[in-house]
Amino acid sequence: AIAESYLEEVVLQAYTSGGYSGSDRARFDDVDDYDGLSDAGVKDNQGNAMVALAHYDVSIAVALVSLTDSVAAKKVTVSVSGVGTTISLVGYRADY
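Reference entry: report on the structure contained in this document. (Residues numbered from 1 in each chain as written. Predicted model: local features only at pLDDT ≥ 70, side-chain atom pairs only at ≥ 80, totals over all residues. Heavy atoms only, no water.)

1. Quick word on the pattern of salt bridges
Within the structure shown, the criterion is met by three salt bridges. Across the pair arginine 25 and glutamate 9 runs a salt bridge whose closest N-O atoms are separated by 2.5 Å. Here arginine 25, found in the loop between helix H1 (2-11) and strand S1 (38-40), pairs with glutamate 9, found in helix H1; they are 16 residues apart in sequence, far enough to count as distant. Each member of the pair, arginine 25 as well as glutamate 9, is classed as buried. Put simply, aspartate 39 and arginine 25 hold a salt bridge, and the shortest N to O gap is 3.1 Å. One end of the pair, aspartate 39, is in strand S1; the other, arginine 25, is in the loop between H1 and S1, with 14 residues separating them in the sequence. Arginine 25 matches aspartate 39 in its accessibility class, with the two residues each being buried. Ionic contacts of the salt-bridge type, sharing partners, join the residues Glu9, Arg25 and Asp39 into one network. (Salt bridge = Lys/Arg side-chain N within 4 Å of Asp/Glu carboxyl O. Helix = DSSP H or I, 4+ residues; strand = E, 2+ residues; numbered from the N terminus. Buried < 20%, exposed > 50% of the residue type's maximum accessible area, 1.4 Å probe, protein only.)

Written out as structure tokens, the structure is:
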């Protein structure tokens, strides 16, 4: 559920905007802003810690890929670690 929540947040962003380049997640405005995000303990999209989920860590990687018919897309991998295991979910955000 944690990975799904983060993944949904990312893929609902614009494919690209070029507007914001900082590390304040509350100001992220496109998919690329999430590349390299690493939360020690789950946080909401405003950066507030979710105390009950503090023992889970989240990391996000974004990579440019080409889908069929040369459609540009970004592959988003969200990994959640905790309680001795890591789960990763992958989603795609196409440039349409």
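What follows picks up the thread again.
2. Regarding the side chain of aspartate 39
When its relative accessible area of 7% is taken as the criterion, aspartate 39 is described as buried. Those residues in contact with aspartate 39 that lie beyond four places of it in its chain are Tyr6, Arg25, Tyr56, Asp57 and Val58. (Contact = heavy atoms within 4.5 Å.)

3. As for the packing of aromatic side chains
Taken as a whole and assessed by the stated rule, the structure comprises two aromatic pairs. Between tyrosine 20 and phenylalanine 28, the aromatic rings sit 6.3 Å apart at their centres with planes inclined by 45 degrees, giving tilted as the arrangement. With a relative accessible area of 14%, tyrosine 20 lands in the buried category. Residue phenylalanine 28 is classed as buried on the basis of its relative accessible area of 8%. Aromatic pair phenylalanine 28 and tyrosine 34: ring centres 4.8 Å apart, planes at 80 degrees, arrangement edge-to-face. (Phe/Tyr/Trp six-rings, centres within 6.5 Å; stacked < 30°, edge-to-face > 60°.)

4. Here we look at the pairing of strand S3 (residues 72-82)
Pairing of strand S2 (residues 57-66) with S3, which is carried by 10 bridges, proceeds in the antiparallel orientation. Looking at the pairing, serine 66 lines up with alanine 72 of S3. Counted between consecutive antiparallel strands, the loop separating S2 from S3 contains five residues, among which aspartate 69 sits at a positive phi close to 60 degrees. Strand direction decides the pairing type here: S3 and strand S4 (residues 85-94), joined by 10 bridges, are antiparallel. Across the sheet, residue glycine 82 finds its bridge partner in S4, namely threonine 85. Hairpin connection between S3 and S4: a loop of two residues separates the two successive antiparallel strands, and valine 83 in this loop has a positive phi of roughly 55 degrees. (Pairing = 2+ DSSP bridges.)

5. Here we look at H1
Residues of H1 that are buried include every one of Ile2, Ala3, Tyr6, Leu7, Glu9 and Val10, and no others. End-on view of H1: buried residues confined to an arc of 160 degrees, all on one side of the axis. Buried residues along H1 sit in contact with S1, S2, S3 and S4. (Arc of directions from axis to C-beta.)

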